[in-house]
Amino acid sequence: MADTKIALTEAAIAMLPTPPKGKNRIYRFADMPGLAVRITGNGKRHFLCCRISDALDSRGMRVEQRTSLGIEWIKGGGTVLQAKDRFKALGGAAPESRTQKAKRLRAEKQVSEREITVGKLIDRYITEWAKPNKKSWDEDDSRLNKVVRPVWGERKAKSITRADVDALVAPVAIGDPDNGISPRRAEANHRLAVVRKMFSFAVDKGIIDAHPCLRMKAPGGKIAPRQRALTTAKELRLLWRLTDPSGPWTKPMHKGWPRDVPWEARGRMRREIADALRLVLATGCRSNEAAGLAWKELDLDAGEWVLPAERSKNRRPNLVPLLPPVVEMLRERRELAKGDYVFPGLRAGTPHLNDKHLSEALRYACARLARIGLQPFTTHDLRRTVETGMAAAKVPKEYRDRVLNHVDASVGGKHYNVHDYADEKREALEKWARRLEAMLKPERDNVVPLRRAKP
């Protein structure tokens, strides 16, 4: 069918040609979009209202709905004015074209996005950016839901100001000495970082125009890097005794122990946590890598652990050599552990441990060991202990970095060198193991007394 635009006049309609019998032709009026006239093969002319609907045809295109106005054109009968009035009564001049509708929907979406609350913004940030791009997205999720949502959750995202952000993070860095609340400078910096990233996401998505965190300095200032490492025989012997699977500190939990009270609060340490800490100390791996270790990653006969790229911090697979004492420990765990993971979760629904379980156990243990003068240490300090011990054993820095799975930032390291350094890493860990074994040997005049835990 022809589809031609003409002037909306009596003369223009009268001059329209009649199509062949059995055919019809539609002419649209240029000065009133949506109003048209249809001419049939017998010469009759009827006025139509044409609008784009939401229905789709077989090709996925939107369908035009044509509705008869019930008015037949009669020369000199005033039918043109009647058709105009009827058309206007049905809703006005122009039907919305596909392009116009797409623009309208896009504009409406932008307006609705700019009106979203901070609670909705948190959900979008976690789903659309943090989960796909950050291995530690759960830390962002925890901070935003525990700290930000209760305070700003119902407020519009565009209403948050620089002063609001400062009021959220500055008190954490300062603390409240009068009420016994100590400053937490590192936590304040972490909170500002996640809030800044969330609002950067909002700017990228067109939700806000001005960034409320622009050029804000870290409220806690520059935090000095930790230097803690277990470098003395006393410290290493204490840790080794705490994680001894046959020692008094790894006894099973008492039957009937309250579920809301951690077993570690009594100075105890679960066997799976103790073994995971020993694995960190033996290999220098990250605590989350040890906690989530799956049996499919291990080849105990070859003495190898292949950490997959999706679990590695640098997104690269890493070969970790396993020395005979570690292999022996893992074989024992194979007899104890059920399921797909070396260190099963502590409760139903959690298939394996996580790094927080290890950190919490060490925190409770260090609180008790502080009584005999031991300085607190963390799971990451165990990695630093391995690095320091290998350096003391004359292991070259390049091989130490390979053991710890640090990224080689040089051009050759990033793009050309694909050597797995398996032999070099095994040799480095053997030197560390010999040094550790020598430091763990008890000396008669230097034995550290450690009181047994109460049952």
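Let me begin by describing the structure that accompanies this report.

**Brief notes about the nonpolar core**
Core analysis: the largest hydrophobic core is formed by 55 residues, its most contacted members being Leu-298, Trp-305, Leu-322, Leu-330 and Leu-382. For Leu-382, the residues in contact, after removing those within four places along its chain, are Leu-230, Leu-239, Leu-277, Val-280, Leu-281, Leu-362 and Phe-377. Ile-126, Ala-130, Trp-152 and Cys-213 belong to the second-largest nonpolar core, a separate cluster that totals 27 residues.

**A word on helix α11 (residues 324-336)**
Here α11 spans 19 Å end to end across 13 residues, near enough to the 18 Å set by a 1.5 Å rise per residue. For α11, the elements touching its buried residues are α9 (271-283) and β6 (298-299).

**Let's talk about the sheet that holds β6**
Read from one edge of the open sheet, 3 strands run β6-β7-β8, paired in antiparallel fashion. The sheet is open, and its two borders are formed by β6 and β8 (318-321), each paired with just one other strand. In terms of strand pairing, β6 meets strand β7 (residues 304-307) through 2 bridges, oriented antiparallel. Each residue of the ladder has a partner; that of Asp-299, found in β7, is Glu-304.

**A closer look at the pairing of strand β2 (residues 24-29)**
The pairing of β2 with strand β3 (residues 35-40) spans 5 bridges and is antiparallel. Paired with Arg-28 across the strands is Ala-36, a residue of β3.

**Digging into the side chain of Asn-314**
Following the sequence through the fold, Asn-314 ends up in the loop between β7 and β8. Here Asn-314 falls in the buried class, since its relative accessible area comes to 17%. In this structure the side chain of Asn-314 is engaged in a polar contact, spanning 2.7 Å, whose partner is the side chain of Ser-312. Here Asn-405 takes part through its backbone oxygen, which lies 3.2 Å from a polar atom of the side chain of Asn-314. Sequence-distant contacts of Asn-314, that is, excluding residues within four places in its chain, are made with Asn-405 and Val-407.

**Quick look at the packing of aromatic side chains**
For the structure shown, the criterion picks out 5 aromatic pairs. Ring plane angle 55° and centroid distance 6.4 Å describe the contact between Trp-152 and Phe-199, whose orientation is recorded as tilted. Of this pair, Trp-152 sits in helix α5 (residues 137-152) while Phe-199 sits in helix α7 (residues 185-204), and the two are 47 residues apart along the sequence. Under the relative-accessibility criterion, Trp-152 is labelled buried at 2%. Between Tyr-399 and Tyr-421, the ring centres sit 6.2 Å apart and the planes meet at 55°, which makes this aromatic pair tilted. In this pair, Tyr-399 is assigned in helix α14 (residues 397-403) and Tyr-421 in the loop between α15 (411-415) and α16 (422-440), connecting sequence segments 22 residues apart. Of the aromatic side chains, those joined through ring pairs into one cluster are Tyr-125, Trp-129 and Phe-201. Over the aromatic face of Trp-240 sits the side chain of Arg-278, whose NZ or CZ is 3.8 Å from the ring centroid. One Lys or Arg, Arg-334, reaches over the ring of Trp-295 and ends 4.1 Å from the middle of that ring.

About the cut-offs
- Residues numbered from 1 in each chain as written.
- Predicted model: local features only at pLDDT ≥ 70, side-chain atom pairs only at ≥ 80, totals over all residues.
- Heavy atoms only, no water.
- Core = buried A, V, L, I, M, F, W, Y, C linked by side-chain atoms within 4.5 Å.
- Buried < 20%, exposed > 50% of the residue type's maximum accessible area, 1.4 Å probe, protein only.
- Contact = heavy atoms within 4.5 Å.
- Helix = DSSP H or I, 4+ residues; strand = E, 2+ residues; numbered from the N terminus.
- Expected span 1.5 Å × (residues − 1).
- Pairing = 2+ DSSP bridges.
- Polar contact = N/O pair within 3.5 Å; in protein donor to acceptor, adjacent residues only side chain to side chain.
- Phe/Tyr/Trp six-rings, centres within 6.5 Å; stacked < 30°, edge-to-face > 60°.
- Lys NZ or Arg CZ within 6 Å of the ring centre and 35° of its normal.

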